[in-house]
Amino acid sequence: MFDKEISALSIEEAKAELEYLAKELAKSDSAYYQDDAPYLTDAQYDKLKHRNFDIEARFPELIRPDSPSKKVGAAAKSGFGKITHRFPMLSLGDVFSLEEVEDFILGVKRFLNTAEGIAFMSEPKIDGLSFSARYENRRFVSGATRGDGTTGEDITANLKTIKQLPLTLPDDAPDILEVRGEVYMAKEDFFALNERYAAENKKTFANPRNAAAGSLRQLDPKITAERNLSIFAYTWGEVSARKWQSQAGFFDCLKAWGFPTNPHNTLCQNIKDIEQSFAHLMEIRSSLPYDIDGVVYKVNSIELQERLGFLTRTPRWAIAHKFPAEQAFTKINNIRIQVGRTGALTPVADVEPINVGGVIVSHATLHNEDEIKRKDIRIGDTVIIQRAGDVIPQIVGVVLEKRPAGAQEFIFPDKCPVCFSHAIREEDEAVRRCTGGLSCPAQAKERLKHFVSKDAFDIAGLGDKIIEDFYLEGILKNPADIFTIEHRNGGDDLFSSAQGLHLERREGWGKKSVDNLFKAINAKRTISLPRFIYALGIRQVGSATALLIAKNYGSFSSFMQDMINKETAKIVSIDGIGAAMATDMVEFFQEPHNISIIEQLLKEIKVEDFIDTSRSDSVFSDKTLVFTGTLTQMTRAEAKAKALDLGAKVSGSVSKNTDYVIMGADAGSKAKVAQELGIKILSETEFLNLL
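Novice: How should I be thinking about the overall build of the chain in this particular structure?
Specialist: Along the chain, the regular secondary structure elements total 25 helices and 26 strands. Computed over C-alpha atoms, the radius of gyration of the chain comes to 28 Å, within 12% of the 26 Å expected from 2.2 N^0.38 for 691 residues, which places it in the range of a compact globule. Overall size of the chain, expressed as C-alpha extent along the three principal axes, is 85 × 65 × 60 Å. Contacts in the chain between residues far apart in sequence, at least 24 positions, make up 67% of those at least 6 positions apart.

Novice: Got a minute to help me understand the nonpolar core in this structure?
Specialist: Inside soluble globular proteins, nonpolar side chains tend to come together where they are buried. Counting 56 residues, the largest nonpolar core has Ile 482, Phe 556, Phe 559, Ile 571, Met 585 and Phe 589 as its most contacted members. If one sorts the elements of this core by residue count, helix H21 (residues 579–590) sits on top with six residues. The residues contacting Phe 556, other than those within four sequence positions of it, are Leu 529, Phe 532, Ile 533, Leu 536, Phe 589, Ile 598, Leu 602 and Val 607.

Novice: Whenever I open this one, the sheet that holds strand S24 (residues 649–651) confuses me. Can you help?
Specialist: Strands in a sheet are paired, the pairing made by backbone hydrogen bonds, and the direction either parallel or antiparallel. With parallel pairing, the four strands of this open sheet are ordered in space as S24-S23-S25-S26. Edge positions in the open sheet fall to S24 and strand S26 (680–683), since each of these has one partner strand only. With direction set aside, neighbouring strand axes in the sheet form an average angle of 30°. Here strand S25 (residues 660–663) pairs with S26 via four bridges, running parallel. From the neighbouring strand, Ile 662 faces S26, where its bridge partner is Leu 682. Lying on the sheet, helix H23 (residues 636–645) is in contact with strand S23 (624–628) and S24; it crosses S23 at an angle near 170°.

Novice: When you look at unusual backbone geometry in this model, what are you seeing that I'm missing?
Specialist: Most peptide bonds take the trans configuration, and most residues that are not glycine carry a negative phi. Backbone geometry at Phe 420 places phi at a positive 65°, although glycine is not the residue there. For Phe 420, the position within the fold is in the loop between strand S18 (392–398) and strand S19 (423–424). Of note in the backbone geometry, His 502 takes a positive phi value of approximately 55° without being a glycine. Topologically, His 502 is positioned in the loop between helix H15 (485–489) and helix H16 (511–522).

Novice: Help me out: how do you make sense of the environment of Ala 535 in this one?
Specialist: Considering the arrangement of structural elements, one finds Ala 535 in helix H17 (residues 529–535). On the basis of relative accessibility, which here comes to 1%, the residue Ala 535 falls in the buried class. Taking C-alpha positions, Ala 535 is 9.5 Å from Asp 458, a pair spaced 77 residues apart along the chain. In contact with Ala 535, not counting residues within four places along its chain, are His 450, Phe 451, Ala 456 and Phe 457.

Novice: Hey, could you run me through the sheet that holds strand S4 (residues 94–95) in this one?
Specialist: Read from one edge of the open sheet, five strands run S4-S13-S12-S5-S11, paired in mixed fashion. The open sheet has two edge strands with one neighbour each: S4 and strand S11 (266–268). Of the strand pairs in this sheet, strand S5 (residues 120–126) and strand S12 (residues 292–299) are connected by six bridges, and their pairing is antiparallel. Bridge pairing in S12 links Phe 120 to Val 299.

Novice: Please explain the side chain of Gln 305 as it appears in this structure.
Specialist: Topologically, Gln 305 is positioned in helix H10 (residues 302–308). At 2.7 Å, the side chain of Gln 305 and the backbone oxygen of Val 299 are in polar contact. With sequence-adjacent residues up to four places away left out, Gln 305 is seen in contact with Trp 236, Gln 247, Val 299, Asn 300 and Trp 317.

Novice: Please clarify how H23 should be interpreted in this entry.
Specialist: Residues spaced three or four apart along an α-helix point in a common direction, a consequence of the helix completing one turn every 3.6 residues. All of the buried residues in H23 are Glu 638, Ala 639, Ala 641 and Ala 643. The secondary structure elements touched by the buried residues of H23 are helix H3 (98–112), H10, S23, S24 and helix H25 (684–690).

Novice: Help me out: how do you make sense of the pattern of salt bridges in this one?
Specialist: A pair can form between side chains of opposite charge whenever their charged atoms are brought close. A complete count under the given rule lists 29 salt bridges for this structure. The salt bridge partner of Lys 23 is Glu 19, with a shortest N-O separation of 3.3 Å. Placement of the pair is Lys 23 and Glu 19 together in helix H1 (residues 11–34), with a separation of four residues, close to one helical turn. Among the salt bridges present, the one from Arg 134 reaches Glu 238, with a minimum N-O distance of 2.8 Å. Taken together, the positions of Arg 134 in strand S6 (residues 129–136) and Glu 238 in strand S10 (residues 230–239) put the pair 104 residues apart, joining distant regions of the chain. Of the residues examined, Glu 238 reaches a relative accessible area of 18% and is grouped as buried.

Novice: Please clarify how the packing of aromatic side chains should be interpreted in this entry.
Specialist: The way to describe two aromatic rings as a pair is by their centre distance and the angle between their planes. A complete count under the given rule lists 29 aromatic pairs for this structure. Ring centres of Tyr 135 and Phe 140 lie 5.7 Å apart, and the angle between their planes is 55°; this geometry places the pair in the tilted category. Among the aromatic residues, those joined into a ring-pair cluster are Phe 451, Phe 457, Phe 483, Phe 532, Tyr 553, Phe 556, Phe 559, Phe 588 and Phe 589. The ring centre of Tyr 471 lies 4.0 Å from the NZ or CZ of Lys 477, which sits over that ring. Over the aromatic face of Tyr 553 sits the side chain of Lys 570, whose NZ or CZ is 4.5 Å from the ring centroid.

Novice: When you look at the pairing of S10 in this model, what are you seeing that I'm missing?
Specialist: Sheet faces and side chains relate simply in a regular strand, where the side chains alternate between the two faces. Among the ten residues of S10, eight are classified as buried, and the element is accordingly described as predominantly covered. Of the pairings in the sheet, the one linking strand S9 (residues 176–184) to S10 comprises seven bridges and is antiparallel in character. Residue Val 179 lies in a different strand from S10, and its bridge partner there is Trp 236.

Novice: How do you make sense of the confidence of the model for the chain when you look at a structure like this?
Specialist: Parts of the prediction with low pLDDT should not have their coordinates interpreted in detail. Overall, the predicted model of the chain reaches an average pLDDT of 86, with 91% of residues at or above 70. Here residues 32–38 is modelled with pLDDT under 50, and outside its nearest four sequence neighbours on either side it reaches twelve contacts, counting other chains as well. Taken together, the stretch residues 72–78 has pLDDT below 50 and engages in 18 contacts with residues farther than four places along the chain or on a different chain.

Novice: Looking at this structure, how should I read a negative patch on the surface?
Specialist: Together, Glu 99, Glu 100, Glu 102, Asp 103 and Glu 275 make up a region of like negative charge exposed at the surface. Looking at which element gives the most residues to the negative patch, the answer is H3, with four residues. In this fold, Glu 99 is placed in helix H3. Take Glu 99: its relative accessible area is 51%, and that puts it in the exposed class.

Novice: What should I look at first to understand the packing of H21 against helix H22 (residues 592–604) in this one?
Specialist: Think of two packed helices as two axes; the pair is described by the angle between the axes and how far apart they sit. Axis separation between H21 and H22 bottoms out at 5 Å; the angle between their running directions is 75°. Taken as axis vectors, H21 and H22 run roughly perpendicular relative to one another. Along its contact with H21, which presents Phe 588, Phe 589 and Gln 590, the element H22 presents Pro 592, Asn 594, Ile 595 and Ile 598. A class-by-class count of the residues in the contact of H21 with H22 yields five nonpolar, two polar and no charged.

Novice: I tried to follow the side chain of Asn 478 on my own but got confused; where do I start?
Specialist: Residue position: Asn 478 is located in the loop between helix H13 (464–472) and helix H14 (479–482). A relative accessible area of 12% means that Asn 478 is categorised as buried. For Asn 478, the side chain forms a polar contact with the main-chain nitrogen of Ala 480, separated by 2.9 Å.

Scoring rules and cut-offs
- Residues numbered from 1 in each chain as written.
- Predicted model: local features only at pLDDT ≥ 70, side-chain atom pairs only at ≥ 80, totals over all residues.
- Heavy atoms only, no water.
- Helix = DSSP H or I, 4+ residues; strand = E, 2+ residues; numbered from the N terminus.
- Rg over C-alpha atoms; globule rule 2.2 N^0.38 Å.
- Contact = heavy atoms within 4.5 Å.
- Core = buried A, V, L, I, M, F, W, Y, C linked by side-chain atoms within 4.5 Å.
- Buried < 20%, exposed > 50% of the residue type's maximum accessible area, 1.4 Å probe, protein only.
- Pairing = 2+ DSSP bridges.
- Axes fitted to C-alpha atoms, helices over the stretch in contact; angles between N-to-C directions.
- Polar contact = N/O pair within 3.5 Å; in protein donor to acceptor, adjacent residues only side chain to side chain.
- Salt bridge = Lys/Arg side-chain N within 4 Å of Asp/Glu carboxyl O.
- Phe/Tyr/Trp six-rings, centres within 6.5 Å; stacked < 30°, edge-to-face > 60°.
- Lys NZ or Arg CZ within 6 Å of the ring centre and 35° of its normal.
- pLDDT = per-residue confidence, 0-100.
- Patch = residues over 30% accessible without salt bridge, like charges linked within 9 Å, V, L, I, M, F, W, Y side chains within 5 Å.
- Areas by Shrake-Rupley, 256 points an atom, 1.4 Å probe, with all protein chains shown as cover.
- Lys, Arg positive; Asp, Glu negative; His and termini not counted.
- Charge placed at Lys NZ, Arg CZ, Asp CG, Glu CD.
- Parallel < 35°, antiparallel > 145°, perpendicular 65-115°, else oblique.
- Nonpolar A, V, L, I, M, F, W, Y, C, P; charged D, E, K, R; others polar.

Below you can see the structure in the form of structure tokens.
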């Protein structure tokens, strides 16, 4: 039955094989879990199970209700549940040089208004998958991945299979403790796994991190258990009673409670210690039994961490110092142009595939036309390629002595290679852009991909390939079409009228897969204001800026009306938004096509008004504050951060919309304007008392 390639199976053959696999694997599960008398070896069991997965991937419409892919052990489970983190699992900002680390430390000192030395904990940055393990009454109760920082996948059963994770804690541990860290696969275990998979003609993993992530996300914990995963713990989330006053003290607690911590964690008293720690880890990096891609520096004092607080997505008290990118030599076979959702023309080099830092690289960005000229990059050149931050492939330079005779300079196009509209370059920009707008298929497709992306509508089932196919076939032309696709699909009866899309008749599709797509779309008919603003794809408006806009406007209609009327006074007064960004927002809403799509969208979806419920009890909640003069008891940055954390909006200028002006010493014209407008003025002491 298993001699035939899956790509060659007919629907009838696939259906019969899935029926056989469901019965055989259920029988094996019963023998293993209930009778404690397995009759299949692990290799035999895995071969059957993976055969089942691969057939279902090829024929999703044939997935059975009793499919082994829906089972964990002997119990049914259709994928991972979700766990909402009590406190967000944030990411870290990156730096790539010691000078940037020094700038980070100076920024910390400026924020805290201190010239005294600050101790930092230096920790190897493990290249793995973040996890969170929750303990209640000293017993492990649940585990989750980072996910989007707010909600992660429930991996409780899989975490339990990792031998290093304690399932119970000593009596001195807090009643509630959420330990966070990294799941990784040791190099030795990674090579052994790939060797075994290669011998079994299975797809091997590109690197240990991918292997760890794939292993931790197995629906069957038995598969996770056989992958030999490891962990390091390094921080915490929710805790009922904190017993430590420093990062170093937390590591002492972790070790006492049975958690593995990295033996190379080092307390650094000054920049010289930090430099030595980084150099040492660089030196031993290749000899470590696990992959690291940098060093994390954290302010050691928890009191100072709490004062420093957080930016939108990152803590102010920690930074990741990434290792210099690994490099390799390869040859440029071609240079082509990609067109992004904002019309930017980006040159990409197609290179001879090369292993760089454990990943096979076949393409590299050339950034823009100036970069090509500056480095004098030509097709046929041998070049030095690296992965910036060990992630994004880029070309460092050309090996001129290996340049072939007659190599020609690359002529950057002045027309879009997709729609042939003029591609122009503004005087103050390095990027050349297509002027075709949404009439350009490339921009339209990229905007659709952005609209359904993780930080936007996050619609499962609409991947890049499906978006491209649907666009080319006219099924989706703009974001509003996504929410009418079910209505336009028509009946699924093969004998029904030719009217309608009938997606279920497409090759590789079926009624179940189409129903799942519609279900995923309908689940996103209500969306938060920040996500909706980000999803529109306005130039320079990332998710952090979208959140600032949402906090300050509250509703989409209010924001849109200001932009349509070219009223920019409020938007530019928001701390973090400048005139150039405001101009891009206004220009977006001056385009009739964009307004038309928004109007169509609003007929299909609901955009929720923004309410900061976590700070609704604060006296500053939803109030607009302006700071002026010199503060003496904290820095201006620290005062702004505290106000924002309490739900306030911070503006750089005084207007009739200002609620409070906080006045320090030597206040300037803002205080005078506030008096003229009758706005309440608070001294620094009054502000602190209200805090």
